[in-house]
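Topology and contacts: notes
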Amino acid sequence: MTENTTLRGDLRMYNDDAESLMRLYFESFDVNAQNFNFEKYFPEEGEGIIGALLFGFLNRKRPQSDPKPLTIAMLAHAASVGYWD
């Protein structure tokens with residue numbers, strides 16, 4: 001791992017695992033999570049059966065979320081200052 005390693009892309013960490021990790025991270029390193037937006041880094045993985053049917057019947061592509069990379073450097077920085085930028 002390097003400071004540029006990403007949780008989602010490089011470590012293949014997705015919603016449930018990432019949510020658990022981030023909860024432990026904020027608690028363990030006493031980082032204020034007020035400005036942290038989980039969906040910015042780990043967007044929803046789908047709309048469920050209703051969304052799949054709706055997009056299928058309308059013959060439309062689902063909108064793709066383009067998640068921001070969450071890196072080890074970002075975690076280290078927030079731990080050093082005590083809050084999420």
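Coordinates for the structure precede this section.
The structure presented is a predicted model; accordingly, all values stated were derived computationally and were not measured.

Right, let's talk about the nonpolar core for a bit. Core analysis: the largest hydrophobic core is formed by 15 residues, its most contacted members being M22, Y25, F36, L70 and W84. Looking at this core, the elements with two or more residues in it are helix 1 (15-28), helix 2 (38-41) and helix 4 (72-81). In terms of residue count, helix 1 provides more of this core than any other element does, four residues in total. If we skip the residues at most four places from it in the chain, L70 touches T5, T6, L7, M22, F36, Y41, F42, L75 and W84.

Time to look at the pattern of salt bridges. Considering all chains together, one arrives at one salt bridge under this definition. Here E19 and R23 are joined by a salt bridge, their closest N and O atoms 3.0 Å apart. Here R23 and E19 lie together in helix 1, a separation of four residues that amounts to about one turn. Owing to a relative accessible area of 36%, E19 belongs among the partly exposed residues under this scheme.

Here we come to the side chain of T6. Along the polypeptide, T6 turns up in the segment before helix 1. Dropping the residues within four chain positions of it, T6 is found in contact with L11, P69, L70 and T71.

For the structure shown, the criterion picks out nine aromatic pairs. A centroid spacing of 5.1 Å and a plane angle of 65° characterise the contact between Y25 and F26, whose relative ring orientation is edge-to-face. Side by side, Y25 and F26 carry an identical accessibility label, which is buried. Measuring from ring centre to ring centre gives 5.5 Å for Y25 and F29, while their planes differ by 45°; the resulting arrangement is tilted. Its relative accessible area of 7% is what places Y25 among the buried residues.

Cut-offs used in this document
Residues numbered from 1 in each chain as written. Predicted model: local features only at pLDDT ≥ 70, side-chain atom pairs only at ≥ 80, totals over all residues. Heavy atoms only, no water. Core = buried A, V, L, I, M, F, W, Y, C linked by side-chain atoms within 4.5 Å. Buried < 20%, exposed > 50% of the residue type's maximum accessible area, 1.4 Å probe, protein only. Helix = DSSP H or I, 4+ residues; strand = E, 2+ residues; numbered from the N terminus. Contact = heavy atoms within 4.5 Å. Salt bridge = Lys/Arg side-chain N within 4 Å of Asp/Glu carboxyl O. Phe/Tyr/Trp six-rings, centres within 6.5 Å; stacked < 30°, edge-to-face > 60°.

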